[in-house]
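Listed below, chain by chain, are the residues.
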Amino acid sequence: MPAPAAEPTPVPVLRTAAELRALPRRGRRAVVMTMGALHEGHAALVRAARQRAGAGGQVVVTVFVNPLQFGAGEDLDRYPRTLDADVVVAAGAGADAVFAPPVAEVYPGGEPEVRISAGPMGERLEGASRPGHFDGMLTVVAKLLHLTAPDLALYGEKDAQQLALITRMVRDLNFPVEVEGVPTVREPDGLALSSRNRYLSEAERTTALALSRALFAGRDAVAAGGAGPREVRQAAEAVLAQARRARPPLVPDYLALVDPAHFTEVPAEPGAYEGEAVLAVAARVGTTRLIDNVRLRLGRPGGVR
Ligand SMILES: Nc1ncnc2c1ncn2[C@@H]1O[C@H](COP(=O)(O)OP(=O)(O)OP(=O)(O)O)[C@@H](O)[C@H]1O
Ligand SMILES: CC(C)(CO)[C@@H](O)C(=O)[O-]
Ligand code: BAL
């Protein structure tokens, strides 16, 4: 009996730079870069890209787990790789093509000698906890921007420091591309969607809810009126302190209130800082490390996003 015909691929999956170059360009090209294991957060990025590219435009989704941005002891080997399912999600959200190169296609000469330096912002928060992470991230983003040559590239606000660094690289190095952020998609109970959530057991997931709860507590303190940086941090810290005692415990890495362009700490003195700020958190539950953040407006009571 003949083997059943394979399901048709919903959109072309391009594996090489040559295949990508051969993809006919159509209208405005928007790119969404991912490491795969796509979820509704990624789908929101693709839908935003589809909308921004317009009916006559083109949306390309990249799927590539970039070894250069993982440090020793991180989860490079166990990072979920689910390309077939990713293609279905990408196509369903409006992608026209998926670029999923093997490592040797992106780094044919092995690890590159020349890399992008993320500079001082790249050493703060995530950069302090994951040395070299942002140099590796920006290096692959630069390469993927060259390979895909988009008019527009979209990134999630969930990775706020990454988004700030990509915006900065594009500006500092004159990349001919527009960068746009897309708001964080959350589960109904507040947990930010993340590919790494699939590592969590049920009990770990319950503990992990403290990340978003801490951020919302900080944000609510501003919304209630009168809270300055100190009170925002205190409100969030109180939630984290409680979660440290949970079973399994939350192990916070950092909680920081920073300015969104440089990721430097907002001064604690009331009134010393006015405007948008990012309240960011990173923590471990078991062997899983998660990050999250919210934006808030300091200096004007009630102003919250
Ligand atoms: N919940 C989310 N809402 C909106 N965008 C998101 C969300 N999660 C990830 N993204 C964005 O999707 C893009 C690809 O991210 P990535 O593939 O690393 O997914 P991830 O879920 O953040 O994975 P990880 O768990 O490894 O951090 C990035 O721009 C990222 O900010
Ligand atoms: C931007 C990115 C695709 C670069 O590998 C990655 O850091 C991610 O998925 O956020
Ligand atoms: N979503 C950011 C990619 C990383 O954690 O390496």
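Rules behind the numbers
Residues numbered from 1 in each chain as written. Chains lettered and ligands numbered in written order. Predicted model: local features only at pLDDT ≥ 70, side-chain atom pairs only at ≥ 80, totals over all residues. Heavy atoms only, no water. Near = heavy atom within 4 Å. Polar contact = N/O pair within 3.5 Å; in protein donor to acceptor, adjacent residues only side chain to side chain. Areas by Shrake-Rupley, 256 points an atom, 1.4 Å probe, with all protein chains shown as cover. Domains from an automatic or database assignment. Contact = heavy atoms within 4.5 Å. Buried area = accessible area lost by both parts, 1.4 Å probe. Salt bridge = Lys/Arg side-chain N within 4 Å of Asp/Glu carboxyl O. Axes fitted to C-alpha atoms, helices over the stretch in contact; angles between N-to-C directions. Helix = DSSP H or I, 4+ residues; strand = E, 2+ residues; numbered from the N terminus. Parallel < 35°, antiparallel > 145°, perpendicular 65-115°, else oblique. Left-handed = near helix turned anticlockwise from the far one by under 90°. Nonpolar A, V, L, I, M, F, W, Y, C, P; charged D, E, K, R; others polar.

Colleague: So what exactly am I meant to see when it comes to the site of ligand 1 here?
Modeller: In the vicinity of ligand 1, 20 residues are found, and the nearest of them are Y79, K158, D159, S194 and S195. Taking H39, its side chain carries an N or O atom lying 2.7 Å from an oxygen atom of ligand 1. At 2.4 Å from an oxygen atom of ligand 1 is found a side-chain nitrogen or oxygen belonging to S194. Burial of ligand 1 by the protein amounts to 96% of the accessible area it has alone, namely 600 Å².

Colleague: Even after reading the chapter, I still don't get the domain arrangement of the chain, so can you show me in this structure?
Modeller: Many analyses report the size of an interface as the accessible area lost when the parts associate. On domain assignment, one finds that the chain holds domain 1 (13-182) and domain 2 (195-298). For domain 1 versus domain 2, the separation of C-alpha centres amounts to 26 Å. Taken residue by residue, the interface counts 24 residues in domain 1 and 21 residues in domain 2. Buried surface at the junction of domain 1 and domain 2, summed over both partners, amounts to about 1800 Å²; 49% is from carbon and sulfur atoms. Of all residues in domain 1, R78, L125 and E126 give up the largest surface area on contact with domain 2, accounting jointly for 30% of the area buried on that side. Counting across the interface, domain 1 meets domain 2 through 2 salt bridges. Close ionic contact of R196 with D75 constitutes a salt bridge, the shortest N to O distance being 2.8 Å.

Colleague: I keep staring at the packing of helix 8 (residues 202-224) against helix 9 (residues 229-244) and nothing clicks. Help me out?
Modeller: Packed helices, taken two at a time, are described by the angle their axes make and the gap between the axes. Across the interface, helix 8 lies against helix 9 with an axial gap of 7 Å and an inter-helix angle of 160 degrees. Between helix 8 and helix 9, the crossing angle belongs to the class labelled roughly antiparallel. As helix 8 runs across helix 9, the sense of the crossing is right-handed. Between helix 8 and helix 9, the contacting residues are T207, A210, R213, A214, A217, G218, A221 and V222 on the first element and V232, A235, A236, V239, L240 and A243 on the second. Across the contact of helix 8 with helix 9, the residue classes break down as 11 nonpolar, 2 polar and 1 charged.

Colleague: Honestly, the side chain of Q162 in this entry has me stumped. Any pointers?
Modeller: In this fold, Q162 is placed in helix 7 (residues 160-172). With residues up to four places along the chain from it excluded, the contact list for Q162 reads F134 and M137.

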